[in-house]
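# Notes for the structure review
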Amino acid sequence: MTRNRLNRLLTLLLCALLLAAFFIWKKENDKPLNISEAEIVFCQTEDDANCAILLMDEYCIMIDTGEKKDADHIISVLEDRGVKKINCMFLTHPDKDHIGAASSIMEAFTVDDVVVPFFDGEKKKYDELLTYMNQKQIKKTTVSVKTERYFGDLSFEINPPKELSYEKSNDYSLAIVVNHGKNHMLFPGDAQKERLKELRELDFSKVNLMVLPHHGRGEGSSVKLLKDVEPDLVIVTAKEPGIELSEALDKMDISWLSSLDGDICLISRGKGYEIK
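Below or above, wherever it landed, is the structure these notes cover. Quantities reported herein were computed from a predicted structural model and do not represent experimental measurements.

By size, the foremost hydrophobic cluster in this structure holds 34 residues, and its most contacted members are Ile-53, Leu-78, Ile-86, Met-89, Ile-105 and Met-106. Those elements that provide at least two residues to this core are strand E2 (51-56), strand E3 (59-65), helix H2 (71-80), helix H4 (102-108), strand E7 (114-117) and helix H5 (124-135). It is H2 that provides the largest number of residues to this core, a total of five residues. Discounting chain neighbours no more than four positions away, the residues touching Met-89 are Met-62, Thr-65, Ala-102, Ile-105, Met-106, Val-111, Asp-113, Val-114 and Val-115. Counting 27 residues, the second largest nonpolar core, distinct from the first, contains Phe-42, Ala-52, Val-178 and Ile-264.

Dropping the structure here:
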């Protein structure tokens, strides 16, 4: 057998092996995941504020609660879905646009655990909430090291701030990654310059849905994080993203939805998102 003929045969064999490997990968990748369906609701708020509800089987988890004036609407969203108990309520940081409706929700539903970051400052509304929780004997868990929580097929990776003290209360924000099959969702709270610098040191390469930090107000550091993550879909908790972020989203061809336009209801079956 000549060298040229041998090389052609080896090339054909390699191509056949690569083609077979591709079809095997595609078959495995196209298989439906054997996990429970999850619903993610980004609740409409009257002003720039954050509230997300994640539902799967018997589990209900909240990430932030919007402002006090948003309470009635958020409670109706929960009641419409038959929620009786909130397994965990994550409060990313102590500002009123993230914790304002918490006490009203706690009055309406049993809340098993409230997860918060360490915060050494003074915030009147936050102090009032902590006093209320203490009176009602509602469990509070302060996270100061990276932690994971599991609720059925949903897992929550909680990344706390590195420092114990920051100039801005927004920089105390927990950054939470929610995993559901091959879907990975990033909730960075209201992280600003200092906290965003910390977040850029973490690996969010698998994230395919991202809530824009600080409601989507266009800071250079937020744009840098967006470019690091490169999500498929972005949630804005303001009417629209700031100019810098808007330009970056257009340039990167990333779709975005605003929760000020109405509740955003997504269904996750572990691969991609369906708008309900």
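Looking now at empty space enclosed by the protein. As enumerated under the stated definition, the model contains one cavity of 30 Å³ or more in all. Roughly 80 Å³ of volume is contained in the largest cavity. Forming the boundary of the largest cavity are Phe-42, Asn-50, Cys-51, Ala-52, Ile-63, Asp-64, Thr-92, Phe-187, Pro-188, Gly-189, Val-211 and Thr-237. Looking at the lining of the largest cavity, the elements that each hand over two or more residues are E2 and E3. Partitioned by chemical class, the residues of the lining of the largest cavity number seven nonpolar, four polar and one charged.

All right, on to the pairing of strand E15 (residues 255-258) then. For strand E14 (residues 233-236) and E15, the ladder comprises four bridges, and the chain directions are parallel. The residue bridging Leu-233 from the neighbouring strand is Ser-255, located in E15. Tracing the backbone out of E14, into helix H8 (residues 243-252) and back to the parallel element E15 gives a crossover that is right-handed.

Going through the model one piece at a time under the given rule, you end up with seven aromatic pairs. Relative to Phe-151, the ring of Tyr-59 has its centre 5.9 Å away and its plane inclined at 65°; by these criteria the two rings are edge-to-face. Taken together, the positions of Tyr-59 in strand E3 and Phe-151 in strand E9 (residues 147-151) put the pair 92 residues apart, joining distant regions of the chain. Taking relative accessible area as the criterion, Phe-151 reaches 9% and is therefore assigned buried. Between Phe-119 and Tyr-126, the aromatic rings sit 6.0 Å apart at their centres with planes inclined by 80°, giving edge-to-face as the arrangement. We classify Phe-119 as buried; its relative accessible area is 16%. Judged by relative accessible area, which is 6%, Tyr-126 ranks as buried.

Now for a positive patch on the surface. On the surface, Lys-68, Lys-96, Lys-124 and Lys-125 cluster together into a positively charged patch. Exposure remark for Lys-96: the relative accessible area of 54% places this residue in the exposed category.

For H5, which comprises twelve residues, the first-to-last C-alpha distance of 17 Å matches the rise-based estimate of 16 Å (1.5 Å per residue) to within 8%. Those residues of H5 that fall on the buried side of the exposure criterion are Tyr-126, Leu-129, Tyr-132 and Met-133. Projected down its long axis, H5 carries its buried residues within an arc of 120°, all on one side. Along H5, the residues that are exposed and aim more than 90 degrees away from the buried face are Lys-124, Asn-134 and Gln-135. On its buried face, H5 is in contact with helix H3 (96-99), H4, E7 and strand E8 (140-143). At the C-terminal side of H5, Gln-137 shows a positive phi close to 55°.

Calculation rules
- Residues numbered from 1 in each chain as written.
- Predicted model: local features only at pLDDT ≥ 70, side-chain atom pairs only at ≥ 80, totals over all residues.
- Heavy atoms only, no water.
- Core = buried A, V, L, I, M, F, W, Y, C linked by side-chain atoms within 4.5 Å.
- Buried < 20%, exposed > 50% of the residue type's maximum accessible area, 1.4 Å probe, protein only.
- Helix = DSSP H or I, 4+ residues; strand = E, 2+ residues; numbered from the N terminus.
- Contact = heavy atoms within 4.5 Å.
- 1 Å grid on protein atoms, 1.4 Å probe; cavity = no way out; pocket = protein on both sides within 12 Å on 5 of 7 lines; lining within 4 Å.
- Points joined across faces, edges and corners; volume = space filled by probe spheres on them.
- Nonpolar A, V, L, I, M, F, W, Y, C, P; charged D, E, K, R; others polar.
- Pairing = 2+ DSSP bridges.
- Right-handed = clockwise from strand over helix to strand, strands pointing away.
- Phe/Tyr/Trp six-rings, centres within 6.5 Å; stacked < 30°, edge-to-face > 60°.
- Patch = residues over 30% accessible without salt bridge, like charges linked within 9 Å, V, L, I, M, F, W, Y side chains within 5 Å.
- Areas by Shrake-Rupley, 256 points an atom, 1.4 Å probe, with all protein chains shown as cover.
- Salt bridge = Lys/Arg side-chain N within 4 Å of Asp/Glu carboxyl O.
- Lys, Arg positive; Asp, Glu negative; His and termini not counted.
- Charge placed at Lys NZ, Arg CZ, Asp CG, Glu CD.
- Expected span 1.5 Å × (residues − 1).
- Arc of directions from axis to C-beta.

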